[in-house]
Amino acid sequence: MSKIHVLLCCFLLLTTSCAKDYFQVKGFKKTTKQHQTIAVLPVEMVLSGVQPFDLPKEDIAKQEEAESKAFQISLHSQLMRRQTNSPKGLKVELQRTTVTNRLIEEKMTIRESWEKTPEDMADLLGVDAVIKTRVEKKRYFSDLASYGIDVAAKLLSILTKNPLPFLTGREVKKSNDVYADYRLLDGSTGNVLWSMSFEAEADYKNPANETIDGLNEKAVK
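Everything numeric in this text was worked out from a predicted model, so none of it was measured.

> Describe in detail the nonpolar core, supporting the description with residues and values.
Counting 48 residues, the largest nonpolar core has Phe71, Leu144, Tyr182, Phe198 and Ile212 as the members making the most contacts within it. Counting residues per element, the ones that place at least two in this core are strand E2 (37-40), helix H3 (57-85), helix H4 (97-105), helix H6 (118-125), strand E5 (129-137), strand E6 (175-186), strand E7 (192-203) and helix H9 (208-220). Residue contributions to this core peak at six residues, all from E7.

> Describe the packing of aromatic side chains, naming the residues involved and giving the relevant values.
For the structure shown, the criterion picks out two aromatic pairs. Between Tyr22 and Trp194, the aromatic rings sit 6.0 Å apart at their centres with planes inclined by 80°, giving edge-to-face as the arrangement. With a gap of 172 residues between them, Tyr22 in strand E1 (residues 19-24) and Trp194 in strand E7 connect regions that are remote in the sequence. Among the residues examined, Trp194 registers a relative accessible area of 18% and is labelled buried. Ring centres of Tyr182 and Phe198 lie 6.0 Å apart, and the angle between their planes is 15°; on these two criteria the pair is classed as stacked. Taken together, the residues span a long stretch of sequence, with Tyr182 in strand E6 and Phe198 in strand E7 at a distance of 16 residues. Phe198 carries the same exposure label as Tyr182, and that label is buried.

> A description of the packing of H3 against H4 should follow, citing residues and the corresponding values.
Packing of H3 against H4 brings their axes to within 10 Å, and their N-to-C directions diverge by 145°. Residue-level contacts link Lys69, Gln72, Ile73 and His76 of H3 to Thr97, Thr100, Asn101 and Glu105 of H4. Broken down by class, the residue content of the contact of H3 with H4 amounts to one nonpolar, five polar and two charged.

> Can you tell me about the pairing of E2, naming the residues and giving the values?
Of the two faces of E2, the one holding Thr37 and Ala39 and the one holding Ile38 and Val40 are both buried throughout. Two elements, E2 and strand E4 (residues 93-94), share two bridges in a ladder whose sense is parallel. Across the sheet, Thr37 pairs through a bridge with Glu93, a residue of E4. Of the pairings in the sheet, the one linking E2 to E5 comprises three bridges and is parallel in character. Among the inter-strand pairings, Ile38 is bridged to a residue of E5, identified as Ala129.

> Just give me the short version of the side chain of Gln95, but keep the residues and values in it.
Tracing the backbone shows Gln95 in the loop between E4 and H4. The class of Gln95 is buried, set by a relative accessible area of 11%. Looking at Gln95, its side chain comes within polar contact range of the side chain of Thr100, at 2.7 Å. The residues touching Gln95, leaving out its near neighbours within four places in the chain, are Thr37, Ile38, Ala39, His76, Thr100, Leu103, Leu125 and Val127.

> Describe in detail the pattern of salt bridges, supporting the description with residues and values.
Applying the stated criterion to the full structure yields nine salt bridges. Of the charged contacts in the structure, one is a salt bridge between Arg111 and Glu64, with a shortest N-O distance of 2.6 Å. In this pair, Arg111 is assigned in helix H5 (residues 110-113) and Glu64 in helix H3, connecting sequence segments 47 residues apart. Across the pair Glu106 and Arg102 runs a salt bridge, and its minimum N-O distance is 3.5 Å. Through salt bridges with shared partners, a single ionic network connects Glu44, Arg134 and Glu136.

Cut-offs applied
Residues numbered from 1 in each chain as written. Predicted model: local features only at pLDDT ≥ 70, side-chain atom pairs only at ≥ 80, totals over all residues. Heavy atoms only, no water. Core = buried A, V, L, I, M, F, W, Y, C linked by side-chain atoms within 4.5 Å. Buried < 20%, exposed > 50% of the residue type's maximum accessible area, 1.4 Å probe, protein only. Helix = DSSP H or I, 4+ residues; strand = E, 2+ residues; numbered from the N terminus. Phe/Tyr/Trp six-rings, centres within 6.5 Å; stacked < 30°, edge-to-face > 60°. Axes fitted to C-alpha atoms, helices over the stretch in contact; angles between N-to-C directions. Contact = heavy atoms within 4.5 Å. Nonpolar A, V, L, I, M, F, W, Y, C, P; charged D, E, K, R; others polar. Pairing = 2+ DSSP bridges. Polar contact = N/O pair within 3.5 Å; in protein donor to acceptor, adjacent residues only side chain to side chain. Salt bridge = Lys/Arg side-chain N within 4 Å of Asp/Glu carboxyl O.

Read these as geometric descriptors, not functional statements.
Structural data, given as structure tokens:
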């Protein structure tokens, strides 16, 4: 086996070792043949770890919605990059996230959009299908400036203080598990056309964009 083949096999093992589940509907190409436009919805964010000290619920909600948009923008960018640079990229139009979020926020909050059916969201956005994502992780990101999202200075100061060492009495591991679930849903029926879920480790000492883009890149590939 050539060195190129060995490297390719290693790469495939590395990029798939975190995957937990993958699904594609039978007759995917036929089912999606008439699709022309899809939208990437704001990502549902779930914090599974200990809540930061002295952080009101209102501020937690703002942070989760900020991260929701950051993951959404990143996923959209990764899909666009794949569409441009790979023959396996999407063959349909991707609605701009600015348009998606404007239409959503005219009717509801970002958080409320997480609970809506894919049919309702596709109808609101005027698209044929939507990408709905859920991300569960153990810590908040303290810097989202790379996505053009500002977080209040007070909130940043609280988020950068990790409460876990005081609660556990020991050092916190550098990396924390992140669980991500991606689904492409038909706008007319709500049926799952494609889905993938995986778990990975996120180094929160790195810039937020590196961690977020890395997770979304796995899904897009």
